Every structure is written in structure tokens, then in C-alpha cells.
Amino acid sequence: MFRLALATVMIAAPPMADPLSGKSYIVELSSTQSSSGYGEYLLPPLLKALQGSGLKAKSGPGADLVINIKPDSDVGRWVGAGENRVWLYTISATVGISPESYMIPFDGTPVFGITASLQTPNPDRQDEMDCLITLAARTALKNYRPTGVFKTDGSACARK
């Protein structure tokens, strides 16, 4: 009888509310992203991913959250052997969600974020970076936690 009562209480309990729903946000770009014009490439996939998220854009200080993007690429390395040997780069995009009071450090590390990465023969493909940003943003919104930067497999974003 106790198990039945516990099961009924668990079913009747409302689902946990989305901790981000209704919060306001601003997008913060680093000074180099902004001054170089790189932000013009980073923002469209991020803003598209934020649409319909339940977050409200704010156009200035006083937002609840700061969203940032941290793209990265290595210098590449040889992968495989013989005829199958190819030079591949690892590229990634971290989308961060931090409280407005948090001062994002120079390296761009957020309080919470998701890093999506993949290996590619061309580190400059905008379609791959757009896909990584979208994947990281959607994953961050869906799996938000108060702290931590987590990784997700971005291989689905590899060029076709």
C-alpha cells in the first residue's frame, strides 16, 4: 500500500520547472571577436538556437544571464597510415551560460557550458562551425546546470 501511495505522489508532483525559462540574457563577445568582425559569423547560429528557448533577449546591462561563444582550433595532426593518412584539425565551439554577475575571464571559460568538437581536414569551414555552435547551444539549453563545462560529440557536424 505504501508503494502505491508513493507512486501516486510521484505522478501527481509537477515536473521540475526549466531553470532558464523566462530569464533574460545578453550575448557577450570578446573584444577580438567583436573588433575583427568574427562575431558576425558567430552570432547567427547562436541567436537562431536561442529562439524559442524561453529566454528573453535584453539589450544592455542587467540581464540575468550572459551567453558567450568560445571557438577553438588546434594546429592539426596526421591521422591514419599509408594511403589513408590525412591531416586533421580538431575544431570546437563552447557555448557558455553564466550569471550576469560573473566576469568571464580572458580565456572565455563560462560558469556552465557545452563544448562541441569534431575533426576536419579544413578548420575554416563556416558550415561546420555554425553546426557546432548550434549543437553546443541547444545542448547547453537542454542540459543546463549551475556549473561545469561538458563535452559533446560534434562529429555529426562534419562536412558531407
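So, here's what we can say about the structure. Worth saying up front: this structure is predicted, and the values here are computed from it rather than measured. (Residues numbered from 1 in each chain as written. Predicted model: local features only at pLDDT ≥ 70, side-chain atom pairs only at ≥ 80, totals over all residues. Heavy atoms only, no water.)

**What about the state of the cysteines?**
By the definition in use, this model includes one disulfide. Here Cys-131 is linked by a disulfide to Cys-157, with a sulfur-sulfur distance of 2.1 Å. Taking the sign of the S-S torsion, -65° for the link of Cys-131 and Cys-157, the bridge is left-handed. One end of the pair, Cys-131, is in helix α4 (residues 126-142); the other, Cys-157, is in the segment after β7 (148-153), and 26 residues separate them in sequence. Residue classification places Cys-157 among the buried positions, given a relative accessible area of 6%. (Disulfide = S-S within 2.5 Å. Helix = DSSP H or I, 4+ residues; strand = E, 2+ residues; numbered from the N terminus. Buried < 20%, exposed > 50% of the residue type's maximum accessible area, 1.4 Å probe, protein only.)

**A look at the side chain of Thr-120**
Assignment of secondary structure puts Thr-120 in strand β6 (residues 112-120). Residue classification places Thr-120 among the buried positions, given a relative accessible area of 0%. In this structure the side chain of Thr-120 is engaged in a polar contact, spanning 2.8 Å, whose partner is the side chain of Glu-128. Non-local contacts of Thr-120, meaning those with residues more than four positions away in its chain, are made with Trp-87, Leu-88, Tyr-89, Ile-91 and Glu-128. (Polar contact = N/O pair within 3.5 Å; in protein donor to acceptor, adjacent residues only side chain to side chain. Contact = heavy atoms within 4.5 Å.)

**A short note on the pattern of salt bridges**
For the structure shown, the criterion picks out one salt bridge. The closest approach of N and O atoms between Arg-125 and Asp-127, which form a salt bridge, is 2.6 Å. Judged by its relative accessible area of 41%, Asp-127 is partly exposed. (Salt bridge = Lys/Arg side-chain N within 4 Å of Asp/Glu carboxyl O.)

**Some points on the packing of helix α3 (residues 39-50) against α4**
Packing of α3 against α4 brings their axes to within 9 Å, and their N-to-C directions diverge by 35°. Every pair of crossing elements has a handedness; the one defined by α3 and α4 is right-handed. In contact with Tyr-41, Leu-42, Pro-45, Leu-46, Ala-49 and Leu-50 of α3, α4 contributes Gln-126, Asp-130, Ile-133, Thr-134, Ala-137, Arg-138 and Leu-141. When grouped by side-chain class, the residues that make up the contact of α3 with α4 number nine nonpolar, two polar and two charged. (Axes fitted to C-alpha atoms, helices over the stretch in contact; angles between N-to-C directions. Left-handed = near helix turned anticlockwise from the far one by under 90°. Nonpolar A, V, L, I, M, F, W, Y, C, P; charged D, E, K, R; others polar.)

**Here's the deal with the environment of Asp-64**
For Asp-64, the position within the fold is in the loop between β2 (56-57) and β3 (65-73). Asp-64 sits in the partly exposed class, given a relative accessible area of 38%. Residues Asp-64 and Gly-22, spaced 42 residues apart in sequence, show a C-alpha to C-alpha distance of 9.6 Å. Within polar-contact distance, the side chain of Asp-64 engages the backbone nitrogen of Ser-24 at 2.9 Å.

**Examining α3**
Taking 1.5 Å as the rise per residue, α3 with 12 residues should run 16 Å; its terminal C-alpha atoms sit 16 Å apart, in good agreement. Of all the positions in α3, only Gly-39, Leu-42, Pro-45, Leu-46, Ala-49 and Leu-50 are classed as buried. Burial along α3 is one-sided: seen end-on, the buried residues are contained in an arc of 150°. Of the exposed residues in α3, the ones pointing more than 90 degrees away from its buried face are Glu-40 and Lys-48. Where α3 is buried, its residues contact β1 (24-28), α2 (31-36), β3, β5 (86-99) and α4. (Expected span 1.5 Å × (residues − 1). Arc of directions from axis to C-beta.)

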